[in-house]
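Survey of secondary and tertiary structure
Here is what each chain is made of, one letter per residue.
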Amino acid sequence: METLDTFWRFLRATGRMRSGSAEPKVLAKEARRAAPTMIDTTLDSAGRQSMTVEEALEEWSGDPDDWDDDEEFDDGFLDDFTHDETWALEPGPHDEWVQDPPGEDSARDAEQSPYVQQCLRFARWIGDGKHVAEGILSPAHVREAFLEFDLERWEAEFLARSPLRVPGLFESPGPGDRAPDGQLGDLDVLVPTRSLQSLWRSCASAHLIEVGPTRVHATPAADPQCERSPDDWAQLGHRLVASAIVTRHFLEPLDPVMRVLLPFLTESVDRVEVSEVQDWWWEHDANPWVDLGVGSSPARTASDRQVERLLWAADDTGVWRREGRTLHRTALGVDVAMHFMDDLSRLLAG
């Protein structure tokens, strides 16, 4: 059951192996039944390409009203945000909370955010309407979007930064038993459209686009002539960016990102070093790399690499301003941190 073991490692490495999962013997029985398909999908180079971007989009509905009722998504969201060690990063009883950012500062950060501007361009590209089937863009429009917004480059960069491809991290059981990049790293293709999904979901959640039964169209809020107050810009920015972070980090732990954002809520913390996040994540109870049974050097490299990738995936949003390996606080970052805290409270109350 080497394939099953690999898949369990994948789930643990992405923070999705829950304590309430099925018993191993049940998983093993199911794995024996599905083994031929699992092996073909994991090892065969052609099989790894069998999931097209349009097929992947079918996994997630384009209607944001459906997400609110998605119990499985909410459960996963809660799992990501309820690690005590992560939420201990909030300002303590003796810490001074940062003041609410001035609306003008948040508005400026939102307007200058490359991701916010890309969302606005995406909504304008949707324009008067494009065909959808069951809330999903047609395959032709998906291909067009990837070309128009150079999304394939983002996907390639995300894959290239995979922590699962650290040399020596997993020793091969035998020559030729798996693809050159390794079974585990190749499972990244399970979510090959993060960039397009984040644009789609962000624009829908911020009401820049409306998704109907057969067509999706831009709303007046996407019009270049739409007038926005500073508060309007701030709200638009933090809604788009919060959605992007959750979507882009799907199947990945959000704790390293929170290690940057939550300390920003303390008045005295206006910058965080990437090395601080890496050291903290290595000691975190939810870090999967320590217990994978691999050498400490490859495991630590993978852990640090995971932090680098997760922070890179948020760099263009504007939640911080990067200078080398120093992440500086922004007004938009404070807004997003508060947004996550409010959502946690809502989910726990619900």
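Every value quoted in this text rests on a predicted model; they were computed, and no experiment measured them.

**Focus on the pattern of salt bridges**
Here the structure, examined in full by the defined rule, presents 12 salt bridges. Where Asp109 meets Arg108, a salt bridge forms, and the shortest distance between an N and an O atom there is 3.6 Å. Judged by its relative accessible area of 12%, Asp109 is buried. Classification of Arg108 by relative accessible area gives partly exposed; the value is 38%. Between Asp150 and Arg153 there is a salt bridge; the shortest N-O distance is 2.6 Å. Judged by relative accessible area, Asp150 falls into the partly exposed class, the value being 38%. On the basis of relative accessibility, which here comes to 58%, the residue Arg153 falls in the exposed class.

**Overview of the nonpolar core**
Core analysis: the largest hydrophobic core is formed by 71 residues, its most contacted members being Phe122, Leu208, Leu261, Trp320 and Val336. Sequence-distant contacts of Leu208, that is, excluding residues within four places in its chain, are made with Cys119, Leu120, Ala123, Cys203, His217, Ala218, Thr219, Ala221, Ala222, Arg228, Leu236 and Leu240.

**A word on the sheet that holds strand E3 (residues 209-211)**
Judged by pairing direction, the sheet is antiparallel, and its four strands sit side by side in the order E2-E1-E4-E3 without closing on themselves. If you trace the sheet from one side to the other, it starts and ends with strand E2 (136-137) and E3, each paired once. Here three bridges tie E3 to strand E4 (residues 215-218), and the two strands are oriented antiparallel to one another. Residue pairing in the sheet places Ile209 in a bridge with Ala218 of E4. Helix H8 (residues 114-126) rests against strand E1 (130-133), E2, E3 and E4 of the sheet, and its axis sits at about 125° to E4. Here helix H12 (residues 194-205) sits on the sheet in contact with E1, E2, E3 and E4, set at roughly 100° to E3.

**Quick look at the packing of helix H15 (residues 274-283) against helix H16 (residues 296-312)**
The N-to-C vectors of H15 and H16 enclose an angle of 125°; their axes lie 9 Å apart at closest approach. The orientation of H15 with respect to H16, classified from their angle, is oblique. The two elements H15 and H16 meet at a crossing, and its hand is right-handed. On H16, the residues touching Val274, Val277, Gln278, Asp279, Trp281 and Trp282 of H15 are Ser296, Ala299, Arg300, Ser303, Asp304, Gln306, Val307, Glu308 and Leu311.

**A few points about the sheet that holds strand E6 (residues 320-323)**
Overall, antiparallel pairing links the three strands, which are arranged E5-E7-E6 in an open sheet. Because the sheet does not close on itself, it has two edges, and the strands there are strand E5 (271-273) and E6. For this sheet, the mean angle separating the axes of adjacent strands, direction not counted, is 25°. Relative to strand E7 (residues 326-329), E5 runs antiparallel, the two being bridged by three bridges. Of the residues in E7, the one forming a bridge with Arg271 is His328. Its contacts with the sheet place H15 against E5, E6 and E7, and it is angled at close to 60° to E5.

What counts and how
- All residue numbers refer to position in the chain's written sequence, counted from 1.
- Only residues with pLDDT of at least 70 are given local features in this predicted model, and only at 80 or more are side-chain atom pairs given and counted; all residues enter the totals for whole chains, interfaces and linings.
- Only hydrogens and water are set aside; all other atoms, that is, all heavy atoms of the structure, feed into the side-chain values.
- Every case where a carboxyl oxygen of Asp or Glu lies within 4 Å of a side-chain nitrogen of Lys or Arg is listed as a salt bridge.
- Categorising residues by exposure relies on relative accessible area from a 1.4 Å probe, with only protein chains included: less than 20% of the type maximum marks a residue as buried, more than 50% marks it as exposed, and the intermediate range marks it as partly exposed.
- Residues enter a nonpolar core if they are buried and are Ala, Val, Leu, Ile, Met, Phe, Trp, Tyr or Cys, with the set joined through side-chain atoms within 4.5 Å.
- For this analysis, residues touch if any pair of their heavy atoms sits within 4.5 Å.
- Two strands pair under a simple rule: DSSP has to find at least two bridges between them.
- Strands are runs of DSSP state E lasting at least 2 residues, helices are runs of H or I lasting at least 4, and numbering of each runs from the N terminus.
- For helices, the axis comes from a line fit to the C-alpha atoms of the stretch in contact; other axes are also lines fit to C-alpha atoms, and the angle between any two N-to-C directions lies between 0 and 180 degrees.
- Angular relationships are summarised with four words: roughly parallel below 35 degrees, roughly antiparallel beyond 145, roughly perpendicular across 65 to 115, and oblique for the angles in between.
- Crossing handedness is defined as follows: a turn of the near helix away from the far one that is anticlockwise and smaller than a right angle gives a left-handed crossing, while the clockwise case is right-handed.

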